[in-house]
Amino acid sequence: MKKKVLLMGKSGSGKTSMRSIIFANYIARDTRRLGATIDVEHSHVRFLGNLVLNLWDCGGQEAFMENYFASQRDNIFRNVEVLIYVFDVESRELEKDMHYYQSCLEAILQNSPQAKVFCLVHKMDLVQDDQRELIIQEREDDLKRLSKPLDCTCFATSIWDETLYKAWSSIVYQLIPNVKQLETTLAHFTDIIDADEVLLFEKATFLVISHCERKPHKDVHRFEKISNIIKQFKLSCSKLAAAFQSMEVRNTNFAAFIDVFTPNTYVMVVVSDPAIPSAATLINIKNARKHFEKLEKVDGGHPALTS
Ligand SMILES: Nc1nc2c(ncn2[C@@H]2O[C@H](COP(=O)(O)OP(=O)(O)OP(=O)(O)O)[C@@H](O)[C@H]2O)c(=O)[nH]1
Ligand SMILES: [Mg+2]
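The structure presented is a predicted model; accordingly, all values stated were derived computationally and were not measured.

Cut-off values and rules
Within each chain, residues carry numbers counting from 1 in the order of the written sequence. Both sets of labels track the order of writing: A upward for chains, 1 upward for ligands. Reporting of local features is limited, given that this is a predicted model, to residues whose pLDDT is at least 70; pairs of side-chain atoms are given and counted only at 80 or more, and all residues count toward the totals for whole chains, interfaces and linings. Each helix corresponds to a stretch of at least 4 residues labelled H or I by DSSP, and each strand to a stretch of at least 2 residues labelled E; elements are numbered beginning at the N terminus. Radius of gyration means the value over C-alpha atoms here, while the globule rule gives 2.2 Å times the residue count to the 0.38 power. Remark: C-beta atoms are placed from the backbone, and a residue is labelled buried if 20 or more other C-beta atoms sit within 10 Å of its own, exposed if 12 or fewer do, or partly exposed between those counts. Two residues qualify as a contact pair if the distance between their C-beta atoms, derived from the backbone, is within 7 Å. What makes two strands pair is DSSP finding at least two bridges between them. The crossover handedness rule: strands pointing away from the viewer, path from first strand over the helix to second strand clockwise, crossover right-handed. One less than the residue count of a helix, multiplied by 1.5 Å, gives the span that helix is expected to have. Each residue receives a C-beta atom placed from its backbone. It is near a molecule or strand if this atom lies within 6 Å of it. Residues are grouped as follows: Ala, Val, Leu, Ile, Met, Phe, Trp, Tyr, Cys and Pro are nonpolar; Asp, Glu, Lys and Arg are charged; every other residue, Gly included, is polar. We define a nonpolar core as a collection of buried residues of the types Ala, Val, Leu, Ile, Met, Phe, Trp, Tyr and Cys that are connected via C-beta atoms lying within 7 Å of each other. To obtain each axis, a line is fitted to C-alpha atoms, and for helices this fit is confined to the stretch in contact; angles are then taken between N-to-C directions over 0 to 180 degrees. On a range of 0 to 100, pLDDT expresses the predictor's confidence in each residue.

A.B. asks: Would you explain the overall build of the chain in this entry?
C.D. replies: When helices and strands are counted, the chain shows nine helices and 11 strands. Here the chain has a C-alpha radius of gyration of 21 Å; the compact-globule value for 307 residues is 19 Å, and the two agree. In terms of overall dimensions, the chain has a C-alpha envelope of 65 × 50 × 40 Å along the principal axes. By residue count, 34% of the 307 residues in the chain fall in the buried class. A separation of at least 24 residues holds for 68% of the contacts in the chain among residues at least 6 apart in sequence.

A.B. asks: Honestly, the pairing of strand S1 (residues 2-9) in this entry has me stumped. Any pointers?
C.D. replies: Note on strand geometry: in a regular strand, side chains alternate between the two faces of the sheet. Note: S1 against strand S3 (residues 51-58), six bridges, orientation parallel. Opposite Leu7, over in S3, you have Asp57 as the bridge partner. The pairing of S1 with strand S4 (residues 80-88) spans six bridges and is parallel. From the neighbouring strand, Leu6 faces S4, where its bridge partner is Leu83.

A.B. asks: Got a minute to help me understand the pairing of strand S6 (residues 152-156) in this structure?
C.D. replies: One ladder, built from five bridges, connects strand S5 (residues 116-122) with S6; its direction is parallel. Bridge assignment links Val117 to a residue of S6, and that residue is Cys152. Handedness of the S5-helix H5 (residues 129-147)-S6 crossover: right-handed.

A.B. asks: I would appreciate a short explanation of helix H8 (residues 222-239) in the present structure.
C.D. replies: Note: α-helices contain 3.6 residues per turn, so residues at a spacing of three or four share the same orientation. For H8, which comprises 18 residues, the first-to-last C-alpha distance of 26 Å matches the rise-based estimate of 26 Å (1.5 Å per residue) to within 8%. Looking at the buried residues of H8, the elements they touch are helix H6 (163-173), strand S7 (197-202) and strand S8 (208-213). Downstream of H8 by a residue or two, Ala241 has a phi angle that is positive, lying close to 60 degrees.

A.B. asks: Any chance you could explain the site of ligand 1 here in plain terms?
C.D. replies: The environment of ligand 1 is made up of 23 residues, and the closest members are Ser11, Gly14, Thr16, Thr37 and Gly60. No other element matches the three residues that helix H1 (residues 15-23) contributes to the shell around ligand 1. Each residue belonging to the shell around ligand 1 can be placed in one class, and the counts come to five nonpolar, 14 polar and four charged.

A.B. asks: Help me understand the nonpolar core, please; the structure alone is not making it clear to me.
C.D. replies: The biggest cluster of nonpolar side chains holds 72 residues, and the ones touching the most others in it are Leu83, Ile84, Tyr85, Cys104, Phe201, Met268 and Val269. The element that contributes the greatest number of residues to this core is S4, accounting for seven residues. For Leu83, the residues in contact, after removing those within four places along its chain, are Leu6, Met8, Cys104, Ile108, Ala115 and Val117.

A.B. asks: Whenever I open this one, the environment of Tyr68 confuses me. Can you help?
C.D. replies: Within the secondary structure layout, Tyr68 lies in helix H2 (residues 62-69). What makes Tyr68 buried here is the crowd of 24 C-beta atoms within 10 Å. Separated by 56 residues in the primary sequence, Tyr68 and Gly12 place their C-alpha atoms 17 Å from one another. Filtering out sequence-adjacent residues up to four positions away, Tyr68 remains in contact with Cys58, Arg73 and Ile76.

A.B. asks: Explain the sheet that holds strand S2 (residues 40-47) here, please?
C.D. replies: Picture the strands of a sheet paired through backbone hydrogen bonds; they go either parallel or antiparallel. Spatial strand order, S2-S3-S1-S4-S5-S6: six strands in an open sheet with mixed pairing. Unpaired on one side and paired on the other, S2 and S6 mark the two borders of the sheet. Pairwise comparison of adjacent strand axes, ignoring direction, gives a mean angle of 20 degrees for this sheet. Of the strands in this sheet, S5 and S6 are in contact with H5, which crosses S6 at around 160 degrees. The sheet contacts of H6 involve S2, S4, S5 and S6, and relative to S6 the element is tilted by about 160 degrees.

A.B. asks: Please clarify how the environment of Ala24 should be interpreted in this entry.
C.D. replies: Of note, Ala24 is situated in the loop between H1 and S2. Judged by the 13 C-beta atoms lying within 10 Å of it, Ala24 falls in the partly exposed class.

A.B. asks: Would you take a moment to explain the sheet that holds strand S11 (residues 265-271) for this structure?
C.D. replies: Read from one edge of the open sheet, five strands run S8-S7-S11-S10-S9, paired in antiparallel fashion. A strand with exactly one partner marks an edge of an open sheet, and here the two such strands are S8 and strand S9 (246-250). Taking each pair of neighbouring strands and ignoring which way they run, the sheet shows an average axis angle of 10 degrees. Looking at chain direction, S9 and strand S10 (residues 255-260) are connected through five bridges and run antiparallel. If you follow Ser246 over to S10, its bridge partner there is Asp259.

A.B. asks: Looking at this structure, how should I read the confidence of the model for the chain?
C.D. replies: Low-pLDDT portions of the prediction should not be read for the details of their coordinates. The pLDDT averaged across the chain works out to 89; a share of 96% of its residues lies at or above 70. Taken together, the stretch residues 300-307 has pLDDT below 50 and engages in nine contacts with residues farther than four places along the chain or on a different chain.

A.B. asks: I would appreciate a short explanation of unusual backbone geometry in the present structure.
C.D. replies: Leaving glycine aside, a negative phi is the common case for residues, and trans is the common case for peptide bonds. In the segment running from Lys148 into Pro149, the intervening peptide bond is cis, with an omega of 10 degrees. Secondary-structure assignment places Pro149 in the loop between H5 and S6. Backbone geometry places Asn25, a non-glycine residue, at a positive phi of 60 degrees. Residue position: Asn25 is located in the loop between H1 and S2.

Structural data, given as structure tokens:
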């Protein structure tokens, strides 16, 4: 199942940087070397077995933008499942940015009215801490108003922290075909093994695709922090020609296990009951694998015929 994702926004706003970090194992520092994208760069990312993301990274220089809205209009805006529009928060041409955004929405309304729209207010690291809340609120209000009759979801992002993972996790979550079934199964699993919390990560990107929480946790940003940390760790391992497989962290309050799960996922299990030995949790993870592997083989919510 192929899903077309358009990545748009003005030149230098950070589109290729994000794509390279999330899908091509770049670290933030490497993106300084990226040149401007010429016309459209296509990439296919296999994401969770059947799901292939067809990313269209559209170079944002004005000459290209004008072409997208004119001669290439049908080609670009047809069959779009998701539009991700990136705004550079430091841009001094806000009016022009908004004008292009609106042209883009018009073309989407004409060609792919069902598409989901996400706006990323990007490079938030360049804004002072105490200003961030206010700026994102203002931008979000403006964008939501301008997007009508379409609905848009806004995120404040930066390649320099975990906000990037939060935004992209939410975006890909919308694209996973059988996500409800996955969540129900994960909730069962969490109950059966008496865990505080269980997370599923997509294997290549380490984006969180599903989670179940039985015991409330006060850090609402913990998922994307873990994605960010483990991804960096995985990359460090690969520099040493080692492959990251699993990890166990234990202290007086809890034990956390990260392990390869299905062909497309890693799982993280957090247990706080000291009476449950590690070996028991590891066996439980092993036994759950086949159930989740079956789920991955479904297409569009219908179980595939497996013999
Ligand atoms: N400070 C900061 N810089 C960023 C961030 N994201 C990207 N950049 C920098 O912005 C510059 C331009 O990024 P690109 O990803 O090439 O921009 P683009 O949107 O693909 O540009 P075009 O291909 O011309 O449309 C690079 O030097 C990145 O390092 C961010 O979150 N914060
Ligand atoms: Mg680019």
